[in-house]
Amino acid sequence: MHITVQFEDKFIARVLIDGGSSLNICPLTTLKRWGKDFHKIRVGSMNVKSFYGSQRAIIGDINLCLQLGPTWFDVEFHVLDISATYNLLLGQPWIYAAGAVASTLHQAMKFEWNHQEVIINGDGSNPIYTSQTVPIVENRKNLGGETYHRIERVNTIEKD
């Protein structure tokens, strides 16, 4: 499942949520495109094994502050010099820390923040939606005196 997150003043698309990954991964090409300072990368000496069995050494670790829905998360990423189809990969460390539940079937993810249930829908999760989407926050329900919110994407319909 792919989502869009905010990093500093940029919206970052193609962020992969992968519950099968034991790491949060940031490809080196992503940092280069953002113009991030490479001196903020802490040197690492770990080797990682890919899905296909090949091993690769990490360049190091970096912490990035990402906004998902109404909250910001300080996420530690392992920086790898790889060719990837995603800009960032949020794996088990982030999923567990956020208390998130991701569903590839429903192309959505839920987590609780400040006594609120937050739902983030995946980008392009339904092939019938061919137009652009815009994220919004709307009231969802009130349970136990707390107001819960739902993050949705509103589809703009283009007329022929």
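Everything numeric in this text was worked out from a predicted model, so none of it was measured. (Residues numbered from 1 in each chain as written. Predicted model: local features only at pLDDT ≥ 70, side-chain atom pairs only at ≥ 80, totals over all residues. Heavy atoms only, no water.)

Some words on the sheet that holds strand β12 (residues 116-121)
Thinking step 1. Pairing is antiparallel in the open sheet, where three strands are placed in the order β10-β11-β12. In this open sheet, the two edge strands, each paired with only one partner strand, are β10 (101-103) and β12. Recorded for the sheet is a direction-independent mean angle of 20° between the axes of neighbouring strands.
Thinking step 2. Here six bridges tie strand β11 (residues 108-113) to β12, and the two strands are oriented antiparallel to one another. When the sheet's bridge partners are listed, W113 is paired in β12 with Q116. (Pairing = 2+ DSSP bridges. Helix = DSSP H or I, 4+ residues; strand = E, 2+ residues; numbered from the N terminus. Axes fitted to C-alpha atoms, helices over the stretch in contact; angles between N-to-C directions.)

Re the environment of D61
Thinking step 1. Counting through the fold element by element, D61 comes out in strand β7 (residues 60-68).
Thinking step 2. For D61, a relative accessible area of 14% gives the class buried.
Thinking step 3. Along the primary structure D61 and V79 are separated by 18 residues, whereas in three dimensions their C-alpha atoms are 5.7 Å apart.
Thinking step 4. Within the local environment of D61, its side chain forms a polar contact with the side chain of H78, the two groups lying 2.6 Å apart. (Buried < 20%, exposed > 50% of the residue type's maximum accessible area, 1.4 Å probe, protein only. Polar contact = N/O pair within 3.5 Å; in protein donor to acceptor, adjacent residues only side chain to side chain.)

A closer look at the pairing of strand β2 (residues 10-17)
Thinking step 1. Here strand β1 (residues 2-7) runs beside β2; their pairing, made up of five bridges, is antiparallel. Within β2, the position partnered with F7 by the bridge is K10.
Thinking step 2. Connecting β1 to the antiparallel partner β2 that follows it, the hairpin turn spans two residues, and E8 within it adopts a positive phi of roughly 55°.
Thinking step 3. Pairing between β2 and strand β9 (residues 88-90): three bridges, direction parallel. Bridge pairing links L16 to L89 in β9.

Some words on the nonpolar core
Thinking step 1. Core analysis: the largest hydrophobic core is formed by 30 residues, its most contacted members being L66, L68 and W94.
Thinking step 2. Look past the residues within four positions of W94 in its chain and what remains in contact with it is I17, N24, L68, F73, V75, A100 and M109.
Thinking step 3. Judged by nonpolar contacts, the second largest core, of nine residues, contains L16, I58, I82 and L89. (Core = buried A, V, L, I, M, F, W, Y, C linked by side-chain atoms within 4.5 Å. Contact = heavy atoms within 4.5 Å.)

Brief notes about the side chain of N87
Thinking step 1. With respect to the secondary-structure elements, N87 resides in the loop between β8 (71-80) and β9.
Thinking step 2. With a relative accessible area of 8%, N87 lands in the buried category.
Thinking step 3. There is a polar contact of 2.7 Å between the side chain of N87 and the backbone oxygen of A13.
Thinking step 4. Excluding anything up to four places from it in sequence, N87 contacts I12, A13, R14, P27, T30 and R33.

Notes on the packing of aromatic side chains
Thinking step 1. Applying the stated criterion across every chain yields a total of four aromatic pairs.
Thinking step 2. Between F7 and W34, the aromatic rings sit 4.5 Å apart at their centres with planes inclined by 25°, giving stacked as the arrangement. With F7 in strand β1 and W34 in helix α1 (residues 28-34), this pair connects stretches of sequence that are 27 residues apart. The two residues F7 and W34 agree in class, both being buried.
Thinking step 3. An aromatic cluster is present here, built from F73, W94 and F111 joined pairwise through their rings. (Phe/Tyr/Trp six-rings, centres within 6.5 Å; stacked < 30°, edge-to-face > 60°.)

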